[in-house]
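So you can see what is in the structure, the chains are spelled out below.
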Amino acid sequence: MIRVAICDDHQIVRAGFKQIFSSSSDFSVVAEAGTGREALDIARREICDVLLLDIAMPDQSGIDTLRTIRQGQPELPVLILSGYPAQQYALNLFKMGANGYLNKECEADELMTAVRTVYQGRRYVSSTVGELLAQSFDRDTNAALHTELSDREFQVFLRLARGATVSDIGVALSLSIKTVSTYRTRIMEKMGLQSNSDLTYYAMKNNLLD
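Being a predicted model, the structure only gives us computed values, none of them experimental.

1. Observations regarding the overall build of the protein
Okay, step 1: Within the protein, the secondary structure is distributed over 10 helices and five strands.
Okay, step 2: Each charge sign in the protein was given a centre, from 22 positive and 26 negative side chains, and these centres are 6 Å apart.

Here it is as structure tokens:
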């Protein structure tokens, strides 16, 4: 029996996933979470074998939640289920330690296959994500600029794009102002941008903001 925790801020989405898992005898939904902090609590209590995590979560994003989980529970399989297309987030989330990435529009059979795969200690790579990974090894690829950022840089980038100040980001991520400023400089250099407004425009253009 694979114990599954479903972390999504929409109750109707969680109910839909529970219905899917109830159709197979080898799954048991043991916990649900509607916020990032609730998802962290589930992970820390070690009550599930696989944690399904949405990106857009109240109080703490799925991205920040994943990073915190990896610091405390590095072996817990985390499968990202998001409404965002894979090209927007998948590569960065794999860098941060996600075990798989699926769009919420996936078929029920693919969802169950993905959960079984990460439960067995392997990564689940859909055909779409597989193509993105293949492209990332091609030096001539036109991969999105944000996929070149490290996991911490990506966290800072998203907060800057949403209008957070360097001080705000330092408090939220427990970093010094100097360290956040250094990350900001690296982000600008890697992405060839000049200002926070450029970051916001890029994020909006690439559908990275809620």
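2. Concerning the sheet that holds strand β3 (residues 50-53)
Okay, step 1: Spatially, five strands are ordered β2-β1-β3-β4-β5 in an open sheet, and the strand pairing comes out parallel. Each end of this open sheet is capped by a strand with a single partner; those strands are β2 (27-33) and β5 (100-103). Between one strand axis and the next, the sheet turns through 25 degrees on average, direction left out of account.
Okay, step 2: Two strands pair when backbone bridges link them, and strand β4 (residues 78-82) and β5 are joined in this way by four bridges, in the parallel orientation. Bridging from a neighbouring strand, Ile-80 pairs with Tyr-101 of β5.
Okay, step 3: Packed on one face of the sheet, helix α1 (residues 11-22) meets β1 (2-7), β2, β3 and β4 and runs near 170 degrees to β2.
Okay, step 4: Docked against the sheet, helix α5 (residues 108-119) engages β1, β2, β3, β4 and β5, running at close to 130 degrees with respect to β3.

3. Thoughts on the layout of surface pockets
Gaps between atoms show up when a probe of the same size as a water molecule is rolled over them.
Okay, step 1: By volume, the largest pocket is sized at about 240 Å³.
Okay, step 2: Forming the boundary of the largest pocket are 14 residues, of which Gln-60, Asp-64, Thr-68, Ala-172 and Leu-173 lie nearest the centre.
Okay, step 3: Secondary-structure elements contributing two or more residues to the lining of the largest pocket are α3 (62-72), α7 (151-161) and α8 (166-173).
Okay, step 4: Per element, the largest residue contribution to the lining of the largest pocket is four residues, and it comes from α3.

4. Brief notes about the pairing of β4
Okay, step 1: Among the five residues of β4, five are classified as buried, and the element is accordingly described as predominantly covered.
Okay, step 2: Neither face of β4 is open: one carries Val-78, Ile-80 and Ser-82, the other Leu-79 and Leu-81, and all of them are buried.
Okay, step 3: Here β3 runs beside β4; their pairing, made up of three bridges, is parallel. Bridge assignment links Leu-53 to a residue of β4, and that residue is Ile-80.
Okay, step 4: With α3 bridging β3 and the parallel β4, this β-α-β connection has right-handed handedness.
Okay, step 5: Regarding the hand of the β-α-β motif, the stretch spanning β4, helix α4 (residues 86-95) and β5 is right-handed.

5. Observations concerning the pattern of salt bridges
Okay, step 1: Within the structure shown, the criterion is met by 11 salt bridges.
Okay, step 2: Taking the shortest distance from any N to any O, the salt bridge between Asp-49 and Arg-3 comes out at 3.0 Å. Of the two residues, Asp-49 sits in the loop between α2 (36-45) and β3 while Arg-3 sits in strand β1, which places them 46 residues apart along the sequence.
Okay, step 3: The class of Arg-3 is partly exposed, set by a relative accessible area of 33%.
Okay, step 4: Across the pair Glu-32 and Lys-18 runs a salt bridge whose closest N-O atoms are separated by 3.1 Å. Taken together, the positions of Glu-32 in strand β2 and Lys-18 in helix α1 put the pair 14 residues apart, joining distant regions of the chain.
Okay, step 5: Judged by relative accessible area, Glu-32 falls into the partly exposed class, the value being 35%.
Okay, step 6: Among the charged side chains, a network of salt bridges with common partners joins Asp-8, Asp-54 and Lys-104.

Rules used in this analysis
Residues numbered from 1 in each chain as written. Predicted model: local features only at pLDDT ≥ 70, side-chain atom pairs only at ≥ 80, totals over all residues. Heavy atoms only, no water. Helix = DSSP H or I, 4+ residues; strand = E, 2+ residues; numbered from the N terminus. Lys, Arg positive; Asp, Glu negative; His and termini not counted. Charge placed at Lys NZ, Arg CZ, Asp CG, Glu CD. Pairing = 2+ DSSP bridges. Axes fitted to C-alpha atoms, helices over the stretch in contact; angles between N-to-C directions. Contact = heavy atoms within 4.5 Å. 1 Å grid on protein atoms, 1.4 Å probe; cavity = no way out; pocket = protein on both sides within 12 Å on 5 of 7 lines; lining within 4 Å. Points joined across faces, edges and corners; volume = space filled by probe spheres on them. Buried < 20%, exposed > 50% of the residue type's maximum accessible area, 1.4 Å probe, protein only. Right-handed = clockwise from strand over helix to strand, strands pointing away. Salt bridge = Lys/Arg side-chain N within 4 Å of Asp/Glu carboxyl O.

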